[in-house]
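# What the coordinates show
Read off the chains here:
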Amino acid sequence: AQKVTQAQTEISVVEKEDVTLDCVYETRDTTYYLFWYKQPPSGELVFLIRRNSFDEQNEISGRYSWNFQKSTSSFNFTITASQVVDSAVYFCALSEKGTYKYIFGTGTRLKVLA
Amino acid sequence: DVKVTQSSRYLVKRTGEKVFLECVQDMDHENMFWYRQDPGLGLRLIYFSYDVKMKEKGDIPEGYSVSREKKERFSLILESASTNQTSMYLCASSAYTEAFFGQGTRLTVV
């Protein structure tokens, strides 16, 4: 069965701290995609990154970085030098190849305090 | 720019009313989805459609139906609204990679 677990319900950090959001997934398929989305207070989910199961390279985009480890079924997201504008709910999601469905975790609310 | 548009940001409806939530995408995507989002439960899939007039039930289809008469439009229908359908509803579309979401409709059933 497919499942995505985001064990951290809410995290609070002070501006400029680094923060890591955890994501653990379960799937029996060998070909799948992993995603991270950001949901700011406005409500719209914003796509951040997609990773396929054959690409375990870590990715860095500005202050954002992602660590994909198949051995531990994890796809963690790190924000370096956090800013107040990073405050949002972040969702991790999984999609298996050949299906049309996206399975979402329950989200992690990040609060960055000035 | 990618665009998924939901017809309303906020709706208040009465118990027993028939409610239509509309979603339009301009990316020519095959797949469209309706999710509901509730605190602590994340996003749960209600229905999805992979082609015009094609639909499949998601994880929580009870009390809902959908319509997809045109590729760009996917409607969610609450046949007889109930208070437990008070929620945030999110529409999305995809072309088999990442999904793109609308701004959400916060529905309150009183």
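Small disclaimer: the values here were computed from a predicted structure and weren't measured.

### What about the pairing of strand β10 (residues 88–96) of chain A?
Every other side chain in a regular strand lies on the same face of the sheet, so the side chains alternate between the two faces. Residues and elements named next belong to chain A. Counted residue by residue, β10 has nine buried out of nine residues, so it is predominantly covered. Alternating residues of β10 divide into A88, Y90, C92, L94 and E96 and V89, F91, A93 and S95, and every residue in both groups is buried. Both strand β5 (residues 32–39) and β10 contribute to a ladder of eight bridges, which runs antiparallel. What sits directly across from F35, in β10, is A93. Summarising the sheet, β10 and strand β12 (residues 108–113) pair through three bridges and their orientation is antiparallel. Along β12, the bridge assignment pairs Y90 with T108. Note that β10 and strand β11 (residues 103–104) share two bridges and pair antiparallel. What sits directly across from A93, in β11, is F104.

### Structural notes on the nonpolar core
Counting residues in each nonpolar core, the largest one holds 24 residues, and the members touching the most others are A:W36, A:F75, A:F77, A:Y90 and A:L110. Contributing elements (two or more residues each) for this core: β2 (10–14), β3 (19–21), β5, β8 (64–69), β9 (74–79), β10 and β12 of chain A. It is β10(A) that contributes the most residues to this core, four residues altogether. Counting residues in each nonpolar core, the second largest holds 21 residues, with B:W34, B:I60, B:L78 and B:L107 among its members.

### Some details on the state of the cysteines
All names here are of chain A. Summed over all chains, the structure comprises two disulfides over all chains. Bridging C23 to C92, the disulfide has an S-S length of 1.9 Å. Given an S-S torsion of about -65°, the disulfide between C23 and C92 has left-handed geometry. Within this pair, whereas C23 is found in the loop between β3 and β4 (24–26), its partner C92 is found in strand β10, the two being separated by 69 residues in sequence. Judged on exposure class, the residue C23 and its partner C92 are both buried.

Procedures and definitions
- Positions within a chain are numbered from 1, following the residues in the order the chain's sequence is written.
- For naming, the first written chain is A and the first written ligand is 1, with later ones following in the order written.
- With the structure being a predicted model, the display of local features is reserved for residues of pLDDT at least 70 and the display and counting of side-chain atom pairs for 80 or more, all residues being used for whole-chain, interface and lining totals.
- Note that the side-chain values use all heavy atoms of the structure and ignore hydrogens as well as water.
- Buried, partly exposed and exposed residues are distinguished by accessible area as a fraction of the type maximum, computed with a 1.4 Å probe on protein chains only: under 20%, between the cut-offs, and over 50%, respectively.
- A run of H or I in DSSP counts as a helix once it spans at least four residues, and a run of E counts as a strand once it spans at least two, with each numbered from the N terminus.
- The pairing criterion is simple: DSSP has to find at least two bridges between the two strands.
- Nonpolar cores were defined as sets of buried Ala, Val, Leu, Ile, Met, Phe, Trp, Tyr and Cys residues, with membership established by side-chain atoms within 4.5 Å.
- Throughout, disulfides are identified as pairs of cysteine sulfur atoms within 2.5 Å of each other.

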